[in-house]
Amino acid sequence: MALDGVILSVQRALDRLARWARLRQSADRRPRRFLIVQIDGLSREVLERAMAARRMRGLARLVAAGRLRMRPLSVGLPSSTPAFQAALMYGVRPDIPGFHWYDKRARQDVYFPRPGVADLVEERHARGRRGIMQGGASYGCMFTGGAEDSLWTMAKLLHPTRAGLAILRVPLSTVLLGWVVLKCCALTAVELTHACLRLLADPVGRGPRALRWLLIKVGLSIWARELFTLAASADLYRGVPAVYVNYLEYDVFAHAYGPSHPLALRALRRVDRSIVQLARICRRVPEWGYDLYVLSDHGQAATRPFVQVSGGISIRDAVLGVLGPRAGGAVPNGPARDPARLRTQIATYRRARSHGLVQRFLAYLERDFARWLRPHGGPEPLAGVHVVAAGPNAFVYFTDSPEPLRAEEIERRFPGGAAALSRHRGIGLVLARSAGGPVCWHRGERVPLGAAAGGGPFANRGDREVVVSGLRELMDMPSTGDLVLYGIGAPVGDVSFLDERGAHAGPSEAELHTFIFHPPSVALPALPLTHPVQLYPHFAAYGDGARS
């Protein structure tokens, strides 16, 4: 705590020095500018608990001082970062059903961490539209929003731009960069010391997973966050018209440990300090007229991995096990061989010792060569059936048709298949398309989803209308699976089809309902904010010079 106090004191002194010595530029004199700070993955419920528990003191002080006001925000379906940012940045109802899906027309998987995928998806959604970030800078985002400069933005990972280089343009900025590097080194040393003490206290319980998350914490919670904050600070001093900073660390820890785990909540304290620093700079440059917004793109539900409730069976094998006996075209058997040894080695390595990109590669190896590597007695792959697990959501595609299949055709091919899947203890509901809108199976029964209909999985939800509207939009997306499975609301509790303790993309209240903080002087749309697309005209108006 003493080190934190010293660091904050020095940081405030350097902020004042930077304001005094900065170069004034007269290039772009828009009436108002904006800064958006996104806390990735934070639900409104967890935010309110964190503020009440004094884990986000800085944000609470900004609210108490009248500098910020909170509005509830629902993020639509899927409750995920790509869909949220596409809607907010470009004003579109996106065709982005999840973080991972299958393009039936192109006959290929679309998975955001793969090189070039985010760039391609952004280009499709930005076509003919102006992004809210034109002339600005984005940090840690999925898409650029039209920003000229971006840093660690997934759509431009292969095409880095000049974002953050402003900190190297004047001697004072070099001093600030040196201070941030020194600060990061000191915080890294503290984390390493704590890790050593924990290892001494529990040498048996600390394993490779603890080391991996220590490295993630140092890289993401210290170095990336500090550099994002420094680069955004330089942009604010220069008067960049629009700045978007996405802090990722809470989301990463919530996925791994759960949205209310102490490690995830500690990440909020660090993000809170960065928000206070940026808010202080906005206040010190009144001539630029910055409006500060703090928001979240989705929340997370506490989940259990599907394999824990299915006896070790993946969602893919569970789907094929139900549809297999009804299918007419199983893939012919391959050569007679016993791959047990290689299969066991790959599975053991992927689950126990591999991390990051290596783990992803081996997961895809197991999937792409499933017929050769599957355990004895597992279901045979089916011709024309492709299953994608994307979190608490999974998509089933029937690939012989490039267009989405309706429920009637699916029922003709696989009688009772959707109902059987919905009875699985790890599945909450199953969705399909029909001429009258989405069709839902819940606990083995086909149930209505109309906003006025009773019964079903959302009968007791106060936000039923919002949920049903989101499900309709999801099933209207051409890229959504022919069948959509959700682990949210399963008989055993909320379930993810991936190995994670916190998940999002589904319709639970924890995932759907977030927040946006805004200056009291700013008028957001008066209607309830039920989708991020409603915010696009508000931010686009800054580029029109309409904010005064």
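The shown structure was predicted, so the numbers you read here are calculated from the model rather than taken from an experiment. (Residues numbered from 1 in each chain as written. Predicted model: local features only at pLDDT ≥ 70, side-chain atom pairs only at ≥ 80, totals over all residues. Heavy atoms only, no water.)

1. Here's the deal with the sheet that holds strand β12 (residues 393-398)
Either a parallel or an antiparallel arrangement is found when strands of a sheet pair, and the pairing is made through backbone hydrogen bonds. Threshold: For two strands to pair, DSSP has to find at least two bridges joining them. Put simply, DSSP H or I for four residues or longer makes a helix, DSSP E for two residues or longer makes a strand, and each gets a number counted from the N terminus. Note on geometry: axes are lines fitted to C-alpha atoms, helical ones only across the stretch in contact, with angles between N-to-C directions running from 0 to 180 degrees. Whether two residues are in contact is decided by their heavy atoms: any pair within 4.5 Å suffices.
The sheet built from six strands is open, its strands ordered β11-β12-β16-β13-β14-β15 with antiparallel pairing. Of all the strands in the sheet, the pair left with one neighbour each is β11 (385-389) and β15 (445-447). Each neighbouring strand pair of the sheet contributes to a mean axis angle of 25°, computed without reference to strand direction. In this sheet, strand β14 (residues 439-442) lies alongside strand β13 (residues 429-432) in antiparallel orientation, the contact comprising three bridges. What sits directly across from A432, in β14, is V439. Its contacts with the sheet put helix α11 (residues 315-323) on β11, β12 and β16 (483-486), and the angle it makes with β11 is roughly 150°.

2. With respect to the pattern of salt bridges
Threshold: Salt bridges are counted wherever a side-chain nitrogen of Lys or Arg sits within 4 Å of a carboxyl oxygen of Asp or Glu.
The tally for this structure, following the rule as stated, stands at 17 salt bridges. Taken together, the shared-partner salt bridges in this structure form one network comprising R225, E226, E249 and R270.

3. Observations concerning the pairing of β12
Cut-off, in case you're wondering: Think of it in three bands: residues with accessible area under 20% of the maximum for their type are buried, residues over 50% are exposed, and the middle band is partly exposed, with areas taken using a 1.4 Å probe on protein chains only.
Among the six residues in β12, six count as buried, and that is most of the element. Side chains of β12 alternate between two faces, with N393, F395 and Y397 and A394, V396 and F398 buried alike. Sheet topology note: the β11/β12 ladder contains five bridges and is antiparallel. The residue of β12 that forms the bridge with V385 is F398. Taken together, the four bridges between β12 and β16 define a ladder with antiparallel strand orientation. Among the inter-strand pairings, A394 is bridged to a residue of β16, identified as L485.

4. Section: a positive patch on the surface
Quick reminder of the rule: Each patch is assembled from residues with relative accessible area greater than 30% and no salt bridge, linking like charges that lie within 9 Å and nonpolar side chains (Val, Leu, Ile, Met, Phe, Trp, Tyr) that lie within 5 Å. Accessibility throughout is a Shrake-Rupley quantity obtained with a 1.4 Å probe, and a residue counts as covered only by protein chains that appear here. Charge assignment: positive for Lys and Arg, negative for Asp and Glu; neither His nor the chain ends contribute. Just so you know, the charge point we use is NZ for Lys, CZ for Arg, CG for Asp and CD for Glu.
A cluster of basic residues, R54, R57, R61, R266, R269 and R273, forms a positive patch on the protein surface. At the level of secondary structure, the elements contributing two or more residues to the positive patch comprise α3 (57-64) and α9 (262-284). The leading source of residues in the positive patch is α9, at three residues. Examined against the element boundaries, R57 turns out to sit in helix α3. A residue is classified by how much of its surface remains accessible, and R57, at 44% relative accessible area, is partly exposed.

5. Details of the side chain of S74
Residue position: S74 is located in strand β2 (residues 69-74). Ignoring sequence-local partners within four residues, the contact set of S74 consists of V466, L512, H513, L529, T530, H531 and P532.

6. What about helix α4 (residues 81-90)?
Along α4, 10 of the 10 residues are buried, which leaves the element largely enclosed by surrounding structure. Every buried residue of α4 is accounted for by T81, P82, A83, F84, Q85, A86, A87, L88, M89 and Y90. Packed against the buried residues of α4 are β1 (33-39), β2, α5 (117-126), β7 (242-247), β8 (290-295) and α19 (536-543). G91 sits one or two residues past α4 and shows a positive phi near 65°.

7. As for the environment of Y397
As a reminder of what qualifies: Polar contact criterion, stated in full: a pair of N or O atoms within 3.5 Å, where within protein one must be able to donate a hydrogen and the other to accept it, and residues adjacent in sequence count only if both atoms are side-chain atoms.
Note that Y397 resides in strand β12. Linking Y397 and V484, residues 87 residues apart in sequence, is a C-alpha distance of 9.1 Å. Once you skip the residues sitting within four places of it in the chain, Y397 turns out to touch W101, Y102, K104, G384, V385, H386, V388, S479, T480, G481 and D482. A distance of 3.3 Å separates a polar atom in the side chain of Y397 from the backbone nitrogen of Y102.

8. Some remarks on α11
Given 3.6 residues per turn, any residue in an α-helix points the same way as the ones three and four places further on. Here α11 lies mainly inside the structure; seven of its nine residues are buried. The set of residues buried in α11 consists of I315, R316, A318, V319, L320, V322 and L323.

9. Regarding the confidence of the model for the protein chain
Threshold: The quantity known as pLDDT measures the predictor's confidence residue by residue, on a range of 0 to 100.
Averaged over all residues, the pLDDT of the protein chain equals 81, while 70% of them reach at least 70. When the criterion is pLDDT under 50, residues 348-362 qualifies, and its contacts beyond four places in sequence or with other chains add up to 14 contacts.

10. Focus: unusual backbone geometry
Backbone torsion omega between L77 and P78 reads -5°, so that peptide bond is classified as cis. Here P78 lies in the loop between β2 and α4. One non-glycine residue, W152, adopts positive backbone phi at about 55°. Position of W152 among the secondary structure elements: in the loop between β6 (149-151) and α6 (171-201).

11. Examining the sheet that holds β1
What the seven strands build is an open sheet, ordered β2-β19-β8-β1-β7-β5-β6; its pairing is mixed. Strand pairing shows two members of the sheet lacking a second neighbour, β2 and β6, which therefore form its edges. Across the sheet, the mean angle from the axis of one strand to that of its neighbour is 15°, orientation sign disregarded. In terms of strand pairing, β1 meets β7 through six bridges, oriented parallel. Within the sheet, the bridge partner assigned to L35 lies in β7 and is V243. Contacting β2 and β19 (513-518), helix α2 (residues 44-52) runs over the sheet at an angle of about 60° to β19.

12. Brief notes about the packing of aromatic side chains
To keep it simple, the criterion reads: Note on aromatic pairs: the rings of Phe, Tyr and Trp (six-membered ring only in Trp) are paired at centre separations within 6.5 Å, and the planes decide the class, stacked below 30 degrees, edge-to-face beyond 60, tilted for the rest.
Inspection of the entire model under this criterion finds 16 aromatic pairs. The interplanar angle of 90° and the centroid separation of 6.5 Å between the aromatic rings of Y293 and Y542 together place this pair among those described as edge-to-face. Placement of Y293 in strand β8 and of Y542 in helix α19 is noted, with a sequence separation of 249 residues between them. When its relative accessible area of 0% is taken as the criterion, Y293 is described as buried. When the ring of F515 is compared with that of F517, the centres are 5.6 Å apart and the planes differ by 65°; the resulting orientation is edge-to-face. In this structure F517 comes out as buried when scored by relative accessible area, which is 2%.

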